[in-house]
Amino acid sequence: MKVFGFPLSPFVRKVHLVATEKGIAVETVLGNPANPAPEFLAASPFRKIPALQDGDFTLADSTAIVTYFDALTPDPPMLPGDARQRAKAVWFEEFADTILTPAGGKIVFNRFVGPKFLGLPGDEEAARQGEAELVPILAYFEGVAPAVDWLTGSAISIGDIAVAAVFRTLGYVGREPAAEQHPKTAAWYARVCARDAWQAVAAREAAIMAKIGG
Ligand SMILES: N[C@@H](CCC(=O)N[C@@H](CS)C(=O)NCC(=O)O)C(=O)O
């Protein structure tokens, strides 16, 4: 199976983390939405990363791809069986994708991706706006971060993976959770980072970033 994408993207990382947790072998194909290869375009009609190619089956969107993986390889499940836990796992994935990422993305794009990879100067005012937007978002998460285990109980879920994947991207601009400001968040994040799947994905990501000059 091929996953098209750039390792900095939290959506791409989410897909790699879920595949690795489940033992699904995926090949990373660097997909650049600005300069799309035909096979990437065939999988991602709107040029968004990540996209998947599994034989003659193609799919875009990290949530759709994770749903595919969960159906192909149900164990370990990314969505809990319990109704409330399942709904909360979906909420935390949505929180990561539609609340945390848009705020953090303003910082990452303007201080890292734009200047480093796209030759753009970076809009510092937009980055500062992202910083301001993050304050209540991180305060919310600190209030719900679990003292033990995972966001929805004793098993890790897509909620943990999606939120931690965004924090990793924020690490590129020095904004991973800090124990001094957000101790519960930092301790939970350290637990996610200690997982074998996370370590494996982080090592592959570091190798790709070193190769492309990140
Ligand atoms: N909902 C999508 C979001 C994907 C997305 O926005 N990816 C960004 C990179 S982080 C992208 O492809 N941006 C390029 C573009 O919008 O042209 C998902 O979960 O996969």
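Please read all numbers here as calculations on a predicted model, not as lab measurements. (Residues numbered from 1 in each chain as written. Predicted model: local features only at pLDDT ≥ 70, side-chain atom pairs only at ≥ 80, totals over all residues. Heavy atoms only, no water.)

### Examining the sheet that holds strand β4 (residues 57–60)
Defined as follows: Here the rule is simple: two strands pair whenever DSSP picks up at least two bridges between them. A run of H or I in DSSP counts as a helix once it spans at least four residues, and a run of E counts as a strand once it spans at least two, with each numbered from the N terminus. Throughout, an axis means a line fitted to C-alpha atoms (over the contacting stretch in the case of helices), and angles, computed between N-to-C directions, take values from 0 to 180 degrees.
Pairing in this open sheet of 4 strands is mixed, and the strands run β2-β1-β3-β4 from one edge to the other. At either margin of the open sheet sits one strand with a lone partner, and together these are β2 (27–29) and β4. When the angles between neighbouring strand axes are averaged without regard to direction, this sheet yields 20°. Direction of pairing for strand β1 (residues 2–4) relative to β2: parallel, over a ladder of 3 bridges. Paired with Phe4 across the bridge in β2 is Val29.

### Quick word on the domain arrangement of the protein chain
Going by this rule: In this document the domain limits rely on a domain assignment from an automatic tool or a database. By definition, residues are in contact when any of their heavy atoms lie within 4.5 Å. Once two parts are brought into contact, the accessible area they lose, counted with a 1.4 Å probe and summed over both, makes up the buried area. A pair is scored as a salt bridge if a Lys or Arg side-chain nitrogen falls within 4 Å of a carboxyl oxygen belonging to Asp or Glu. Under the rule applied, a polar contact is a pair of N or O atoms within 3.5 Å (in protein, one hydrogen donor and one hydrogen acceptor; residues adjacent in sequence only if both atoms are side-chain atoms).
Segmenting the protein chain into domains produces domain 1 (2–77 + 199–211) and domain 2 (83–195). A straight line from the C-alpha centre of domain 1 to that of domain 2 covers 19 Å. Contacts between domain 1 and domain 2 engage 17 residues on the former and 18 residues on the latter. Each partner contributes to the roughly 1,400 Å² buried at the junction of domain 1 and domain 2, and carbon and sulfur atoms together form 63% of this total. Taken as a group, Leu8, Lys14 and Glu21 account for 33% of the area that domain 1 buries against domain 2, more than any other trio of residues on that side. Here domain 1 and domain 2 share 3 salt bridges between them. Where Lys14 meets Glu93, a salt bridge forms, and the shortest distance between an N and an O atom there is 2.6 Å. At the junction of domain 1 and domain 2, the tally comes to 10 residue pairs in polar contact (both at pLDDT 80 or more). Counting residues per element, the side of domain 1 that touches domain 2 draws most heavily on helix α1 (residues 10–22), at 7 residues.

### Here's the deal with the pairing of β4
Pairing analysis gives 4 bridges linking strand β3 (residues 51–54) to β4, with the strands arranged antiparallel. Bridging across to β4, Asp54 finds its partner in Phe57. Connecting β3 to the antiparallel partner β4 that follows it, the hairpin turn spans 2 residues, and Gly55 within it adopts a positive phi of roughly 65°.

### What to know about helix α7 (residues 183–193)
Spelled out, the test is: Remark: exposure states derive from per-residue accessible area (1.4 Å probe, protein chains only) relative to the maximum for the residue type, with buried under 20%, exposed over 50%, and partly exposed in between. This arc is taken over the directions from the axis of the helix to the C-beta atoms.
Regarding α7, the residues found buried are Thr185, Ala186, Trp188, Tyr189, Val192 and Cys193. Down the axis of α7, the buried set is contained in an arc of 165°. They therefore lie on one face. Where α7 is buried, its residues touch α5 (124–144), α6 (158–170) and α8 (196–211).

### Here's the deal with the site of the ligand
Put simply, the test is: We define proximity as follows: a residue is near a molecule or strand when any one of its heavy atoms falls within 4 Å of that partner. Each accessible area is a Shrake-Rupley estimate made with a 1.4 Å probe; only the visible protein chains count as cover when residues are assessed.
Around the ligand, the structure places 9 residues, and the nearest of them are Ser9, Lys48, Ile49, Asp61 and Ser62. Lys48 is positioned such that a nitrogen or oxygen atom in its side chain is 2.8 Å from an oxygen atom of the ligand. Protein coverage of the free-state accessible area of the ligand, which is 510 Å², stands at 66%.

### Overview of the pattern of salt bridges
Tallied over the entire structure, the rule returns 12 salt bridges. With a shortest N-O distance of 2.5 Å, Asp70 and Lys22 are connected by a salt bridge. Here Lys22 lies in helix α1 and Asp70 lies in helix α3 (residues 62–72), a separation of 48 residues in the sequence. For the pair formed by Asp70 and Lys22, the shared burial category is buried.

### Some thoughts on the packing of aromatic side chains
Put simply, the test is: To pair, rings of Phe, Tyr and Trp, with the six-membered ring standing in for Trp, must have centres within 6.5 Å; the planes then decide the type, stacked if under 30 degrees apart, edge-to-face if over 60, and tilted in the middle.
Taken as a whole, this structure holds 18 aromatic pairs when the rule is applied. Between the aromatic rings of Phe57 and Tyr68, the centroid separation amounts to 4.7 Å while the plane-to-plane angle is 35°, which identifies the pairing as tilted. In this pair, Phe57 sits in strand β4 while Tyr68 sits in helix α3, placing the two residues 11 residues apart along the sequence. Joined through ring pairs, the aromatic side chains of Trp91, Phe92, Phe95, Tyr140, Phe141, Phe167, Trp188, Tyr189 and Trp198 make up one cluster.

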